Amino acid sequence: MARFIKRSSKTIGLPPGSLVHVGESRTAQVKITVIDYDEQNFIEKEVSAEECFPFKDKPSVTWINVDGVHQIDIIEKIGLHFGLHPLVLEDIMNTGQRPKMEDFEDYIFIVLKMLYHSEKDDEIKAEQISLVLGKNFVLSFQETEGDVFDFVRDRLRNGKGRIRKVSADYLTYSLLDAIIDNYFIILEKIGEAVEEMEDKLIANPIPETLQAIHYMKRELIFLRKSVWPLREVISGLQRGESKLIHKSTQLYIRDMYDHTIQVIDTIETFRDMISGMLDIYMSSVSNKMNEVMKVLTIFAAIFIPLTFVAGVYGMNFSPDASPLNMPELNFFLGYPLVLILMASIGGIMLLYFKRKKWL
Amino acid sequence: MARFIKRSSKTIGLPPGSLVHVGESRTAQVKITVIDYDEQNFIEKEVSAEECFPFKDKPSVTWINVDGVHQIDIIEKIGLHFGLHPLVLEDIMNTGQRPKMEDFEDYIFIVLKMLYHSEKDDEIKAEQISLVLGKNFVLSFQETEGDVFDFVRDRLRNGKGRIRKVSADYLTYSLLDAIIDNYFIILEKIGEAVEEMEDKLIANPIPETLQAIHYMKRELIFLRKSVWPLREVISGLQRGESKLIHKSTQLYIRDMYDHTIQVIDTIETFRDMISGMLDIYMSSVSNKMNEVMKVLTIFAAIFIPLTFVAGVYGMNFSPDASPLNMPELNFFLGYPLVLILMASIGGIMLLYFKRKKWL
Amino acid sequence: MARFIKRSSKTIGLPPGSLVHVGESRTAQVKITVIDYDEQNFIEKEVSAEECFPFKDKPSVTWINVDGVHQIDIIEKIGLHFGLHPLVLEDIMNTGQRPKMEDFEDYIFIVLKMLYHSEKDDEIKAEQISLVLGKNFVLSFQETEGDVFDFVRDRLRNGKGRIRKVSADYLTYSLLDAIIDNYFIILEKIGEAVEEMEDKLIANPIPETLQAIHYMKRELIFLRKSVWPLREVISGLQRGESKLIHKSTQLYIRDMYDHTIQVIDTIETFRDMISGMLDIYMSSVSNKMNEVMKVLTIFAAIFIPLTFVAGVYGMNFSPDASPLNMPELNFFLGYPLVLILMASIGGIMLLYFKRKKWL
Amino acid sequence: MARFIKRSSKTIGLPPGSLVHVGESRTAQVKITVIDYDEQNFIEKEVSAEECFPFKDKPSVTWINVDGVHQIDIIEKIGLHFGLHPLVLEDIMNTGQRPKMEDFEDYIFIVLKMLYHSEKDDEIKAEQISLVLGKNFVLSFQETEGDVFDFVRDRLRNGKGRIRKVSADYLTYSLLDAIIDNYFIILEKIGEAVEEMEDKLIANPIPETLQAIHYMKRELIFLRKSVWPLREVISGLQRGESKLIHKSTQLYIRDMYDHTIQVIDTIETFRDMISGMLDIYMSSVSNKMNEVMKVLTIFAAIFIPLTFVAGVYGMNFSPDASPLNMPELNFFLGYPLVLILMASIGGIMLLYFKRKKWL
Amino acid sequence: MARFIKRSSKTIGLPPGSLVHVGESRTAQVKITVIDYDEQNFIEKEVSAEECFPFKDKPSVTWINVDGVHQIDIIEKIGLHFGLHPLVLEDIMNTGQRPKMEDFEDYIFIVLKMLYHSEKDDEIKAEQISLVLGKNFVLSFQETEGDVFDFVRDRLRNGKGRIRKVSADYLTYSLLDAIIDNYFIILEKIGEAVEEMEDKLIANPIPETLQAIHYMKRELIFLRKSVWPLREVISGLQRGESKLIHKSTQLYIRDMYDHTIQVIDTIETFRDMISGMLDIYMSSVSNKMNEVMKVLTIFAAIFIPLTFVAGVYGMNFSPDASPLNMPELNFFLGYPLVLILMASIGGIMLLYFKRKKWL
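Thresholds, definitions, all that
- Residues numbered from 1 in each chain as written.
- Chains lettered and ligands numbered in written order.
- Predicted model: local features only at pLDDT ≥ 70, side-chain atom pairs only at ≥ 80, totals over all residues.
- Helix = DSSP H or I, 4+ residues; strand = E, 2+ residues; numbered from the N terminus.
- Contact = placed C-beta atoms within 7 Å.
- Axes fitted to C-alpha atoms, helices over the stretch in contact; angles between N-to-C directions.
- Parallel < 35°, antiparallel > 145°, perpendicular 65-115°, else oblique.
- Left-handed = near helix turned anticlockwise from the far one by under 90°.
- Nonpolar A, V, L, I, M, F, W, Y, C, P; charged D, E, K, R; others polar.
- Expected span 1.5 Å × (residues − 1).
- Least-squares fit on C-alpha atoms with pLDDT ≥ 70 in both.
- Pairing = 2+ DSSP bridges.
- Buried ≥ 20, exposed ≤ 12 C-beta atoms within 10 Å, placed from the backbone.
- pLDDT = per-residue confidence, 0-100.
- Domains from an automatic or database assignment.

Focus on the overall build of chain A
Piece 1. Looking only at helices and strands, chain A has eight helices and seven strands in total.
Piece 2. Along the longest, intermediate and shortest principal axes, the C-alpha atoms of chain A span 125 × 45 × 30 Å.
Piece 3. Considering only intrachain contacts with a sequence separation of at least 6, the fraction spanning at least 24 residues in chain A is 66%.

What to know about the packing of helix H7 (residues 247-312) of chain B against helix H8 (residues 334-355) of chain B
Residues and elements named next belong to chain B.
Piece 1. With their axes 10 Å apart at the nearest point, H7 and H8 run at an angle of 160 degrees to one another. What the angle tells us is that H7 and H8 run roughly antiparallel. As H7 packs across H8, the resulting crossing turns out to be right-handed. Of the residues in H8, those touching H7 at Ile298, Ala301, Ile302, Pro305, Leu306 and Val309 are Val338, Leu341, Met342, Ile345, Gly346, Met349 and Phe353.
Piece 2. A breakdown of the residues in the contact of H7 with H8 according to their chemical character gives twelve nonpolar, one polar and no charged.

Some remarks on the interface of chain B and chain A
Piece 1. Counting residues at the interface gives 54 residues for chain B, matched by 48 residues for chain A.
Piece 2. Taken together, the residues of the side of chain B that touches chain A sort by class into 24 nonpolar, 18 polar and twelve charged.

Considerations on helix H8 (residues 334-355) of chain D
Residue and element names in this part refer to chain D.
Piece 1. Between its first and last C-alpha, H8 extends 31 Å over 22 residues, near the 32 Å set by a 1.5 Å rise per residue.
Piece 2. Those residues of H8 hidden inside the fold are in contact with helix H7 (247-312).
Piece 3. Where H8 terminates, the next one or two residues include Lys357, which has phi positive at roughly 60 degrees.

Overview of the relation of the copies chain D and chain C
Piece 1. For these two chains of identical sequence, chain D goes onto chain C by a turn of 72 degrees and a shift of 0.1 Å along the axis, with RMSD 0.1 Å. Considering both components of the superposition, the chain copies are consistent with a five-fold axis. No C-alpha of chain D approaches the rotation axis more nearly than that of Gly314(D), which lies at 4.6 Å.
Piece 2. By residue overlap, the copies meet through two different surfaces: only 16% of the interface positions of chain D are interface positions in chain C.

A few points about the packing of helix H6 (residues 230-238) of chain D against H7(D)
Residues and elements named next belong to chain D.
Piece 1. Axis separation between H6 and H7 bottoms out at 9 Å; the angle between their running directions is 165 degrees. Considering their axes alone, H6 and H7 lie roughly antiparallel with respect to each other. Crossing hand, H6 versus H7: left-handed. Note on element contacts: H7 touches H6 through Gln250, Ile253, Arg254, Met256, Tyr257, Thr260, Ile261 and Ile264, opposite Leu230, Arg231, Ile234, Ser235, Leu237 and Gln238.
Piece 2. Considered class by class, the residues forming the contact of H6 with H7 number eight nonpolar, four polar and two charged.

Points about the interface of chain D and chain C
Piece 1. Taken together, the 55 residues of chain D in the interface contact 48 residues of chain C.
Piece 2. Sorting the residues of the side of chain D that touches chain C by element identifies helix H3 (150-158), helix H4 (168-203) and H7 of chain D as the ones contributing at least two each.
Piece 3. The greatest single-element share of the side of chain D that touches chain C, amounting to 31 residues, is contributed by H7(D).
Piece 4. Taken together, the residues of the side of chain D that touches chain C break down into 24 nonpolar, 19 polar and twelve charged.

Focus: the sheet that holds strand E5 (residues 108-118) of chain A
Residues and elements named next belong to chain A.
Piece 1. Taken together, the seven strands give an open sheet; going across it, the order is E2-E1-E3-E7-E6-E5-E4, and neighbouring strands pair in mixed fashion. Looking at the sheet topology across the chains shown, the edges are occupied by strand E2 (42-47) and strand E4 (100-103). Taking each pair of neighbouring strands and ignoring which way they run, the sheet shows an average axis angle of 20 degrees.
Piece 2. Pairing between E5 and strand E6 (residues 123-133): eleven bridges, direction antiparallel. Looking at the pairing, Val111 lines up with Ser130 of E6.
Piece 3. Contacting E4 and E5, helix H6 (residues 230-238) runs over the sheet at an angle of about 30 degrees to E4.

Thoughts on the sheet that holds strand E3 (residues 61-67) of chain C
Residue and element names in this part refer to chain C.
Piece 1. Read across the sheet, seven strands follow the order E2-E1-E3-E7-E6-E5-E4 without closing on themselves; strand pairing throughout is mixed. Strands with a single pairing partner mark the edges of an open sheet, and in this sheet they are strand E2 (42-47) and strand E4 (100-103). In this sheet, adjacent strand axes meet at a mean angle of 20 degrees when their direction is disregarded.
Piece 2. Strand contacts of helix H4 (residues 168-203): E3, strand E5 (108-118), strand E6 (123-133) and strand E7 (137-142), with the helix running at about 30 degrees to E5, the strand carrying the most contacts.

Focus on the environment of Val132(B)
Piece 1. Structurally, the position occupied by Val132(B) is in strand E6 (residues 123-133).
Piece 2. Residues Val132(B) and Met101(B), spaced 31 residues apart in sequence, show a C-alpha to C-alpha distance of 9.8 Å.

Points about the pairing of strand E3 (residues 61-67) of chain B
Residue and element names in this part refer to chain B.
Piece 1. With six of seven residues buried, E3 is to be regarded as a mostly interior element.
Piece 2. Taken together, the seven bridges between strand E1 (residues 31-37) and E3 define a ladder with antiparallel strand orientation. Across the sheet, the residue bridging to Tyr37 is Val61, located in E3.
Piece 3. Where E3 and strand E7 (residues 137-142) come together, six bridges link them in parallel fashion. The residue bridging Asn65 from the neighbouring strand is Ser140, located in E7.

Structural notes on the confidence of the model for chain A
Piece 1. The predicted model of chain A averages 87 in pLDDT, with 97% of residues at 70 or higher.
Piece 2. With a pTM of 0.85, the predicted complex shows an ipTM of 0.81.

So, the domain arrangement of chain A
Piece 1. For chain A, the domain assignment lists domain 1 (9-283) and domain 2 (289-355).
Piece 2. One C-alpha centre belongs to domain 1 of chain A, the other to domain 2 of chain A; they are set 77 Å apart.

Things to note about the pairing of E5(C)
Residues and elements named next belong to chain C.
Piece 1. Burial of E5 is extensive: eight of the eleven residues sit out of reach of the surface.
Piece 2. Where E4 meets E5, four bridges bridge the pair, whose relative direction is antiparallel. Pairing of Glu102 across the sheet is with Phe109, part of E5.
Piece 3. In sequence, E4 turns back onto E5 through a hairpin of four residues, with Glu105 there showing a positive phi of about 65 degrees.
Piece 4. What sits between E5 and E6 in their antiparallel hairpin is a turn of four residues, with Asp122 showing a positive phi close to 50 degrees.

Notes on unusual backbone geometry
Both trends apply: most residues other than glycine have a negative phi, and most peptide bonds are in trans.
Piece 1. The residue Glu105(A) is not glycine, and still its phi comes out positive at about 65 degrees.
Piece 2. By secondary structure assignment, the location of Glu105(A) is in the loop between E4 and E5.
Piece 3. Unusually for a residue other than glycine, Lys357(C) sits at a positive phi of about 65 degrees.
Piece 4. Tracing the chain through its elements places Lys357(C) in the segment after helix H7 (334-355).

Shown next as structure tokens:
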């Protein structure tokens, strides 16, 4: 449930802009890394909060990555120096945000979810990433170390591609793109799981399959909640009303928008499939009950009349009292004839069920 | 049901703007509290209706809070003095309003619902709050004493944060924010209940679970009805067409808008989950019936043929009449052989059911 | 069904603007009442069609109410004199209109439904009301005598409130408001019925409950069809593009718009509830079947094995033929032991069902 | 199925504007009728393709009606003379069009469906009507002879109403109006069928009822597909951006638009009702099964224990071997007491079922 | 599943614009064909990547078709020469694109899906087609050889129709039109399958039918995903904001837009039908179970009481002990009377079931 509502009672009643960390409590030391580059130069180092201040006004592009948002003083110091609004700092520390994009003229603030599949809980987990795009710097705030940005770092280090030649907005785009690309990995995993479930469903629909379907449905509700608002975020960036985003970068953002739509489309497709699977499950349960009923009915309908016949000839009416009392019992062929009668009844019933296609 | 339609026949036929209290009847004395402040000064006192008149034209910010809307004369006096339209007064007294925002140029009128969880009825209850934002005053009308504004009052008293330095629109924002923040507490409660229900559902789906699901569904219908129109209300404030709302406050309102969307999102997520739970319930009932049927069928299919065999050898065909009449009865091993036959029939049936995976 | 499609074959093929009465056939004499007023004067009288002509050009506000739209000549005469377009007259006489508002510059034409609950058929019935708002007159056309306007008439007679001081648009608003206010009475009735049904449903879900749910669903479909288009009608008036509607009246129309939204909201809420009740019904039927099955299974599973045992010892194998043939029959404790055996089988079955929670 | 996709492989691969007849193959001779009129004059005659050419430039209004669109040369000749775009001609001949309106400045092209109920197949059938409104001519193309325009022809002949006094746009309106009016007849038929089905459903829900519901559902899908796009078509005409449509005619088109909305509304209402009927059907099937189960359970639960008792006293334990062996058999009142025991068991069971409300 | 998400992990982490082939791996040599034409001249030949460069600046219209997008160097060479953006090249090679249209001022880039029915897998398959419309050239990229463009090629060769007389935008339209026309063939196939399924469903609803319904549903989900975005693509072209598309071509694009809507409409209709079929299936399964239950109940209810009667007269109460012990056994007509009793019970039961309409 914690995945669905995170905004906790901790912040209730505090004035807006109050810095309170909302999320899993963490103890790890906050780690700040600076990457500063232009076409010729490249610096990468771990720094303290104060050490990253001078980069603000350097003409080269600076990416300051903060791993850990649970230490108020650090977030506050950085926020103050880079001129962030208190509400932005509050949002960075409160990890229950809905993805959104806010344009503060001097900088653009973007919050979104980095998703990963936790092997331990077999659940999709989300880590909140906050990005601040300034004139020539990008701040990124993550909940913990470890992210999907290594490819971007490699490209920066190697100086391959456009990335070292262009400005901070392209870096922001690259980071966002890395996060969205990563969604496809999650979708592939889900796709495989859906396929596997479908095969199982057709082979043998047991209650566990239903649990799995239900579980998958919840995962998709969660995924959808994390991804759906992205559409608006990216299209907000794409409209390009901010002068922080250059025209050349907008083409890339348009491409990223397509990817986002593709992610959303795929989630909806999975939802459609899952709801189809529920139908299949329900009707295969009905089918099974039908089969059980048929077996019961066949047995009952064949043997109940036979047992009745046997019961009749087990009655003790006294032949002595009257010749009308059960004369069959004394017939020469009484027993064989009754056996034949019984076999005929059974045979007729079998034929009847055969004609009804129950056998 | 009273929660769903409150507008009663009392008001039918009256001219518009007629003041009639619609809602739970109350007898408590209406209580008026004034808080008047600027950066240096702070006054807080309980007053009569007339005593709050002079505050209207003071340059300092005044918050007049009225607990109780069931006394026509008081509402009327205040309304007249502060220049409120008769329709506004009617809406204040009629507690069945849909949340809405109306801009009357001189003042903005906002109606919304303060929610709380009534322990007594185990139900979410709503209290109507009407806010009037004027040039340098805020009027708030509540149905009863007791609210979620204590945090705001404390901040005003302590003079902490921005609140004492800025104008009446920020106070209005703070009050709205306090109400919306409170929704998260309700959502957390529901979230816990949903989780608990889900665990129960998987462990043992009894009709009571269904009742609980149904009940929760109704609570969500109610919640949705109270919160959904808020989206429009807040976005109306955010568009900032009124000169009563300063630009600096709009950032805060935008933040509050995000919270509103989050509340709505979470309600929709809960609805999705609940509807998934209904599916689970229905199919687990089917599964249980299937199991019952299997037990019945297994018993019937094993014992009905055996009983038939026993019936056959209980027939009274006279061996005296013919050697063909039940000679088995006089065989040396007749009885043991029949017992073996019966055991074989039972065994075959068991194997058959095992192969069908019914056992 | 007549409530759902009224436009009958009578009008097919006629040129547009042809006057044909479509609706329940009526024989009552058409009754025309004129109320003419300004702040000082007030006239109220029953008139003939021709007698109401002079009121058209009087500066005072005139309300001409026509009870009965089945007499072509009267409608035609009035229409001609007041300059109504033939299509308007056609719409007035055809009582199967969808609520709509049409602005003809010189006058505004509004059609809507006045709802009432018919005790006789236990059904919601609709009567079509057509309103024509001209410069200083209002025409209203009703299907029969008897309406919800008595409160408005009283206010006009008493001269209380704003109504006598302001122009024809306010009178139109008052009439519309009276009709919409009346919807709340219908909604209250439905609300009570829904609540009652819900209680019954939980106590004892019988097929009659289902019929009632279905019936209520149809009533809501009908209600929705009558009310939904009102939203557009009122918001059309509210946009205030016509110079016939004064600015001061627009505030009142905005208020009325809120009421309309509230009506629609409540209808949707009822629909949600009803569909939830269907789910409850279906699953409680399943539950009941489950219970029936359990009783059957318990009886069968306990007594079928016992009957089999009794059957075995009812076989007639001859002990004379061999000592292996049913020696139990001659055991000293044979009978008591068999009884004990039977009791044990029964007891074990009961324990088994207890452990399965079927008892 | 042919009703749902008509666009056949015949046209695949042909250049756009290729004239190929798509639809039911027909052999009847194409029949062309010209009606030419102004306020004084009226000509009506059957002509060849060439004979209708001179009417193009006459100042009087000309209506050329073509019955049959399967002869390429005729359509081509007319199209060429009246300056129709090749794509228009292609659309006229391909009877699988979706209703649409296209404005070619010089003329407006409208395609829609004329519906009729085929008694033979008990199915709603659609015939495609293409209308071309030029400066002072109207071309209409139908698949076969026989249409709903007879009322319009009569009015033209008689010179009654506005129709002879006004221009070609009013004629177009009249034709469209005749088609839409005709939809109400179809709706009335469906309405009756729905009502009848509902009565049957409540009286005795048999599988045939389900078939009927399903069938009706398909008819509504078809109807909806034919009518829904009309909304856009008519609202396109109503926006009045073409100078071919006069202002006075627009009032009439607005009226027609209302009728279209009414048709669509009614279709949606029927869909709602039908889906409600499916629910009723499903749950009445459940109810019936429940009842069957109850009968079975009551019989089984009463007689199985009784049969067991009878079985016990049918055992052959030898009273000679021990006085404990079935001494009841030799009791003086053994038999009557057992009968009483059996009656009691039966009675208790009956009471139990009565208390459970199964009887 | 591969049909639903194709974007693979291969591209994750690469800088945007990186050329990686995503899709089924292929080994066939990439084949480039050039068709260059104006009204008089026509050239068609197979070329290497370099050989098609000179055509870029020729005034005649050039269509360069590339079969195979798995060879990076070729795509890159062409892209560079024709001035395509790296992102466009990336999209061309990544065959998991969502249909889209992008306007790069100098050229328009269109991606869409060519569908065909694979007989081998009995599945609808999609091949991605990328089109680039430049000033006087059209580039088309396909995954493999073999396409639906042969009709277009024939028309170009023969010089029939408009195609040779007009510019590159008309060629693009012709190619798109060929693809969309082809969708109708797929729809026809599905239509036939749906019809066949429906017939089977009514004749005998077996689990295999359900599988088929489910399978068809998945095909439609896939189809919908491929076709739905086309609406936006074509309407983007139709808006005609690019100067690359001439006014005369826009009429054709509008026509194509209608076809697209028709395709989407038909898909939705099929979805509606399929969901109706699921309902039919579910309720026919219920009906069948009902019938099975009835058979069981009839047999049980008739024979269980009879067996009980037989059981009673099989009891061994000793007539010697008392004259009250089973005196019937010694009655003169005991046996015949019991037989008559049994026949009566059976008859009454049959009558009862007949009246309940179970027989």
